[in-house]
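One letter stands for each residue in the lines below.
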Amino acid sequence: MMKKETLSQLKGLAAEIRTESIEAIRKVGSGHIGGSLSIVELLAVLYGKQMTYDPRNPEWEDRDRLVLSKGHAGPAWYSALAAVGFFDKAWLGTLNEGGTRLPSHPDRTKTPGVDATTGSLGQGTSVAAGIATGLRMQNKDSYVYLIVGDGELNEGQCWEAFQYLAHFKLNHCILIIDENKKQLDGTTKEILNPFDLVEKMRAFGFATVKVKGDDLEAIDQAIEQCKAVNDQAVCIVLDSIKGQGVTFFEEMEANHSVKFNSPEVQEETDKALAELRTVKGRG
Ligand SMILES: Cc1ncc(C[n+]2csc(CCOP(=O)(O)OP(=O)(O)O)c2C)c(N)n1
Ligand SMILES: [Mg+2]
């Protein structure tokens, strides 16, 4: 069981990441709300509890790494990085502007705390496998967390990287598949059925657990479980909701990229932000 105080801190961090993601995307006028919000609780557990890092020294060689292979969820990652002090929160208001340090998709040359440039789906899986290999060759205990979208699994490159991770038992690469059941223009089931991802990953050689994407304690426990495995690759299937945590976005059919151009969207967003402000424990 997680301490009450820790859980409350993580809830607060999640509320902050969710709020900042929505505000940053709204300021740009449109953006990837659905896939950003589905990983908010995961990011809160990673940056609020599980990951080892030093925001004042983002290049610290003993840090854990994160590869956000579904790079279009960059706004959520930036909101998490700002919340824990990698850079000034004011940067979030420059999302995707000309000359920004926070481009819509992550760029490792621009943003403190970003270890891999992503956005072209599939590619982050190989980058993470490479980082995990490098860490093992250097006898480091650091972890690399690899976040992949369920629609992203349409990319064959993912399966090549997974087979490699499984063969070399690279258990310090913790693979998390964000199973929010939707991709760009529909459900994964109707576009290219992924079938049962837990069975599939097990068949691929991974020790696999499935957890609810909004359950902070369960996510934390799943990561602990992964860390206890030492002779097999590891995978968490995150049973999440696209647009997670804001009913209006969860229920919106086309919630991959949302335009903030109608009074209804603006009003509903204001309501959601007001509700999020009531969450205790925010930094
Ligand atoms: C190689 C490549 N093809 C297409 C795209 C355009 N694209 C961006 S997001 C996306 C859908 C991804 O779906 P999923 O992985 O399920 O993301 P999520 O539901 O988490 O937003 C697509 C097709 C891309 N970024 N890269
Ligand atoms: Mg998806």
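Residues numbered from 1 in each chain as written. Chains lettered and ligands numbered in written order. Predicted model: local features only at pLDDT ≥ 70, side-chain atom pairs only at ≥ 80, totals over all residues. Heavy atoms only, no water.

- If you look the protein chain up in an unreviewed UniProt entry, it shows as Transketolase from Enterococcus florum.
- Recorded under Sequence similarities (unreviewed entry), the UniProt text for the protein chain is reproduced unchanged: "Belongs to the transketolase family."
- Within the UniProt record for the protein chain, the comment given under Cofactor (unreviewed entry) is "thiamine diphosphate". (UniProt positions renumbered as here; feature names shortened; annotations may be inferred.)

Here's the deal with the site of ligand 1
In step 1: For ligand 1, the set of nearby residues contains 18 residues, the closest of which are K70, H72, G119, D150 and K242.
In step 2: Burial of ligand 1 by the protein chains amounts to 77% of its free accessible area of 600 Å².
In step 3: Per-class residue counts for the shell around ligand 1 are two nonpolar, nine polar and seven charged. (Near = heavy atom within 4 Å. Areas by Shrake-Rupley, 256 points an atom, 1.4 Å probe, with all protein chains shown as cover. Nonpolar A, V, L, I, M, F, W, Y, C, P; charged D, E, K, R; others polar.)

Some points on the side chain of N171
In step 1: Tracing the backbone shows N171 in the loop between α6 (156-167) and β4 (173-179).
In step 2: Once residues within four sequence positions are removed from consideration, N171 is found in contact with R136, Y143, V229, N230, Q232, A233 and V234. (Helix = DSSP H or I, 4+ residues; strand = E, 2+ residues; numbered from the N terminus. Contact = heavy atoms within 4.5 Å.)

Looking at the coordination of the magnesium ion (ligand 2)
In step 1: At the metal site, the magnesium ion (ligand 2) is ligated by D150 (OD), N180 (OD1) and K182 (O), and these contacts range over 2.1 Å.
In step 2: Motif for the magnesium ion (ligand 2), donor spacing along one chain: D-x29-N-x1-K. Placement of D150 in the loop between β3 (144-149) and α6 and of K182 in the loop between β4 and α7 (188-192) is noted, with a sequence separation of 32 residues between them.
In step 3: The exposure class of D150 is buried, given its relative accessible area of 4%. (Donors = N, O, S within 2.8 Å, 3.2 Å for Na, K, Ca; no water. Buried < 20%, exposed > 50% of the residue type's maximum accessible area, 1.4 Å probe, protein only.)

Concerning the environment of D62
In step 1: Note that D62 resides in the loop between α3 (40-50) and β2 (65-68).
In step 2: Non-local contacts of D62, meaning those with residues more than four positions away in its chain, are made with T52, K140 and S142.
In step 3: A distance of 3.0 Å separates a polar atom in the side chain of D62 from a polar atom in the side chain of K140. (Polar contact = N/O pair within 3.5 Å; in protein donor to acceptor, adjacent residues only side chain to side chain.)

Section: unusual backbone geometry
In step 1: Notably, N96 is not glycine yet its phi reads approximately 65 degrees, a positive angle.
In step 2: For N96, a relative accessible area of 42% gives the class partly exposed.
In step 3: Phi is positive for F195, which is not a glycine, with a value near 60 degrees.
In step 4: One can find F195 in the loop between α7 and α8 (197-203).
In step 5: According to the relative accessible area criterion, F195 is exposed, its value standing at 61%.

What about the sheet that holds strand β6 (residues 233-239)?
In step 1: Pairing is parallel across the open sheet formed by five strands, whose spatial order is β2-β3-β4-β6-β5. In this open sheet, the two strands that pair with only one neighbour each are β2 and β5 (206-212). The average angle at which neighbouring strand axes cross in this sheet is 20 degrees, direction not considered.
In step 2: The pairing of β3 with β4 spans six bridges and is classified as parallel. By the bridge assignment for β4, V144 is matched with C173.
In step 3: Its contacts with the sheet place α3 against β2, β3, β4 and β6, and it is angled at close to 175 degrees to β3. (Pairing = 2+ DSSP bridges. Axes fitted to C-alpha atoms, helices over the stretch in contact; angles between N-to-C directions.)

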